Amino acid sequence: MGFHLLSPSYCCGYQASPPISHGLLRFRPVTGIPKPSPKGQLHQSRRASKVLAYYGLTTPPYKLDALEPYMSQRTLELHWGKHHRDYVDSLNKQLVKSPLYGHTMEELIKVTYNNGNPLPEFNNAAQVWNHDFFWESMQSGGGKLPQGGVLQQIEKDFDSYSNFRDTFVESAMALFGSGWVWLVLRTEEKKLSVVRTSNAICPLVWGDIPIIGLDMWEHAYYLDYKDDREKYINTFMDNLVSWHAATVRMLRAEAFVNLGEPKIPVA
Amino acid sequence: MALRAIAGKKTLTLGLVLGPRAAAGASAPRTGSGLRHARGLVTFSLPDLPYDYGALEPAISGEIMKLHHQKHHQTYITNFNKALEQLEEAMAKGDSSKVAHLQSAIKFNGGGHINHSIFWKNLKPLNEGGGEPPHSTLGWAIDTDFGSLDALVQKMNAEGAALQGSGWVWLALDKEMKKLKVETTANQDPLVTKGANLVPLLGIDVWEHAYYLQYKNARPEYLKNIWKIMNWKYASEVYEKEIA
């Protein structure tokens, strides 16, 4: 099996010039550096050989009103401008006093998850990553059906797209409390799966590769849908989910997980 | 014990036991006790609020109160009843794995019903004495265990604001140690999950649905304002009954 490449700029799963650039390994651009505290500056002069990496708030790959009427501008303004920004600011504040710098965001999440005993930075780090992933999981004019290789893989692992869709919606509805629902590529089982997580947990901590993520915290939908979670979830599947982003992520994932059938010659 | 709180003053020896109950007045409609009989299995129903939806303004908007009561609380009750029905079936069939599997739905939805039933009683409109600080026994206990009412409020607000995700923050009475405590629970876990001797005096819902439409992400603002409509009289009554 193979994915049909539309652009020749892909090589070994890494993109040349990404509009959607969610790599598995990337250094977050240090934009929006917080006011350096005297302590921070002291760190830099004393440990000139160590790099202090603070994290910045990345912007969604569309204007804040681009997802109307399915996700209002007001929601984006609050969700991204307040909640997401808060997580970034809180994380940066924590990192000033902590020895955990120099990591990529993905590394930081795994380290602070601490195998199930999360450190205080985990919540903020994971939520920063989760929300970046969430914005990039949506697009204006989204929804409809996946295509090409993604559709093939979904049909292989769920029997049909509508089976997958039902599984995803059911899983989201069955979530108790705050959390996320994911379409992940399981690295060990080498197949796609729907997974739900609580609070800030994301499948990266288990070494799986997320393909699509949906925020099920109430702040994600309450202004637009009040308590009608089912409508929110269905709207996400029908009108918001970016299969383009999913395709990009699957392509990259293939560099790390062998999805093909081994061609064992018959003697 | 927490179920007693739902039933109000009616004495019930209610557990998740099957069989018709001749409990006094349990089938009476608008008692606010929230219990009904159906096919031998007790089902729960939505208790009335002791005030109008708009009566708690401006601390909590009428829109939130209406949604919170008619949608969220009702959903917990509906799903609680469903889960209990399934439990009855599974127990009758001796399906132990189904029985075990249902526990999380029962804890979540049952907890949601229990917690919200307490919550409605914890709030009181401004013009009916909401926000009036506690006196006598509870007041003294607060001073003893926390230093001052202010200190207690600060502590509860801090813990409520720091709670990750969804949950509740409680003023609890440890009835064995006869001490007051501040506790938090996650999701809809009832207070007893933090200790079998804990009795809830006051609970504050910090799920986002409790404040989002009005306060948006400013949970600390919501926590600051909710004290203005806190029903300390109820908390005192529960306290005095438990330590008597």
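Calculation criteria
- Residues numbered from 1 in each chain as written.
- Chains lettered and ligands numbered in written order.
- Predicted model: local features only at pLDDT ≥ 70, side-chain atom pairs only at ≥ 80, totals over all residues.
- Heavy atoms only, no water.
- UniProt positions renumbered as here; feature names shortened; annotations may be inferred.
- Helix = DSSP H or I, 4+ residues; strand = E, 2+ residues; numbered from the N terminus.
- Buried < 20%, exposed > 50% of the residue type's maximum accessible area, 1.4 Å probe, protein only.
- Contact = heavy atoms within 4.5 Å.
- Areas by Shrake-Rupley, 256 points an atom, 1.4 Å probe, with all protein chains shown as cover.
- Pairing = 2+ DSSP bridges.
- Axes fitted to C-alpha atoms, helices over the stretch in contact; angles between N-to-C directions.
- Lys, Arg positive; Asp, Glu negative; His and termini not counted.
- Salt bridge = Lys/Arg side-chain N within 4 Å of Asp/Glu carboxyl O.
- Polar contact = N/O pair within 3.5 Å; in protein donor to acceptor, adjacent residues only side chain to side chain.
- Phe/Tyr/Trp six-rings, centres within 6.5 Å; stacked < 30°, edge-to-face > 60°.
- Lys NZ or Arg CZ within 6 Å of the ring centre and 35° of its normal.

Identification of chain B as Superoxide dismutase from Phoenix dactylifera is taken from an unreviewed UniProt entry. According to the UniProt record, the Catalytic activity (unreviewed entry) comment for chain B reads "2 superoxide + 2 H(+) = H2O2 + O2". Within the UniProt record for chain B, the comment given under Subcellular location (unreviewed entry) is "Mitochondrion matrix".

In the annotation of an unreviewed UniProt entry, the entry for chain A reads superoxide dismutase, and the organism field reads Phoenix dactylifera. The UniProt entry for chain A carries the following comment under Subcellular location (unreviewed entry): "Plastid, Chloroplast".

Another aspect to go through is the overall build of chain B. Secondary structure assignment for chain B yields eight helices and five strands. Residues classed as buried in chain B amount to 50% of the 244 residues present. Residue pairs at least 24 apart in sequence account for 64% of intrachain contacts in chain B once pairs closer than 6 positions are excluded. Accessible area of chain B: about 11,200 Å², with a carbon and sulfur share of 54%.

Residues and elements named next belong to chain A. Overall, antiparallel pairing links the three strands, which are arranged 4-3-5 in an open sheet. Both outer strands of the open sheet, strand 4 (191–198) and strand 5 (209–215), are each paired with one neighbouring strand and no more. On average, adjacent strands in this sheet sit at an angle of 20° to one another, irrespective of strand direction. Examined bridge by bridge, strand 3 (residues 179–186) and strand 5 share six bridges and lie antiparallel to one another. The residue bridging W182 from the neighbouring strand is G213, located in strand 5.

The next subject is the pairing of strand 5 (residues 198–205) of chain B. Residues and elements named next belong to chain B. Among the eight residues of strand 5, eight are classified as buried, and the element is accordingly described as predominantly covered. As defined by bridge partners, strand 3 (residues 167–174) adjoins strand 5 across seven bridges and the pair is classed as antiparallel. Note on strand 5: the bridge partner recorded for L173 is V199.

The next subject is unusual backbone geometry. Geometrically, the link from A:E68 to A:P69 is a cis peptide bond, its omega value of -5° lying close to zero. Relative to the elements of secondary structure, A:P69 occurs in the loop between helix 1 (38–46) and helix 2 (73–96). A cis geometry characterises the amide bond from B:E57 onward to B:P58, with omega recorded as -5°. Mapped onto the fold, B:P58 is located in the loop between strand 2 (41–44) and helix 2 (62–93). In this structure, A:N115 takes a positive phi of about 55° despite not being glycine. With respect to the helices and strands, the residue A:N115 is situated in the loop between helix 3 (105–113) and helix 4 (120–136). Its identity is not glycine, yet A:K144 carries a phi of approximately 55°, on the positive side. On the secondary structure map, A:K144 appears in the loop between helix 4 and helix 5 (148–158).

Here the focus is the sheet that holds strand 5 of chain B. Residues and elements named next belong to chain B. Taking strand neighbours across the sheet as the criterion, the three strands line up as 4-3-5 in an open arrangement whose pairing is antiparallel. Either end of the sheet is taken by a strand with one partner, and the two such strands are strand 4 (179–186) and strand 5. Pairs of neighbouring strands in the sheet enclose a mean axial angle of 25°, with direction left out of account. Where strand 3 lies against strand 4, eight bridges are found, and the strand directions are antiparallel.

All names here are of chain B. Among the structural elements, D205 can be located in strand 5. Buried and unpaired, D205 has no salt bridge, with R219 as the nearest side chain of opposite charge at 8.6 Å. Side-chain polar atoms of D205 contact the side chain of H68, separated by 2.9 Å. In contact with D205, other than residues within four places in its own chain, are H68, H116, F119, G167, W168, A210 and Y222.

If you walk through the whole model with that rule in mind, you get 27 aromatic pairs over all chains. Between A:W129 and A:W182, the ring centres sit 6.4 Å apart and the planes meet at 35°, which makes this aromatic pair tilted. With A:W129 in helix 4 and A:W182 in strand 3, the pair connects residues that are 53 residues apart, well separated along the chain. When its relative accessible area of 0% is taken as the criterion, A:W182 is described as buried. Ring geometry for A:F176 and B:F108: centres 4.0 Å apart, planes at 15°, overall stacked. Here the residue A:F176 occupies a position in the loop between helix 6 (161–173) and strand 3, and B:F108 occupies one in helix 3 (residues 96–122), the pair thus bridging two chains. Overall, B:F108 belongs to the buried group, its relative accessible area being 10%. The ring of A:W80 has A:R85 lying over it, and the distance from NZ or CZ to the ring centre is 5.3 Å. The ring of A:F133 carries the charged tip of A:R249 above its face, separated from the ring centre by 3.7 Å.

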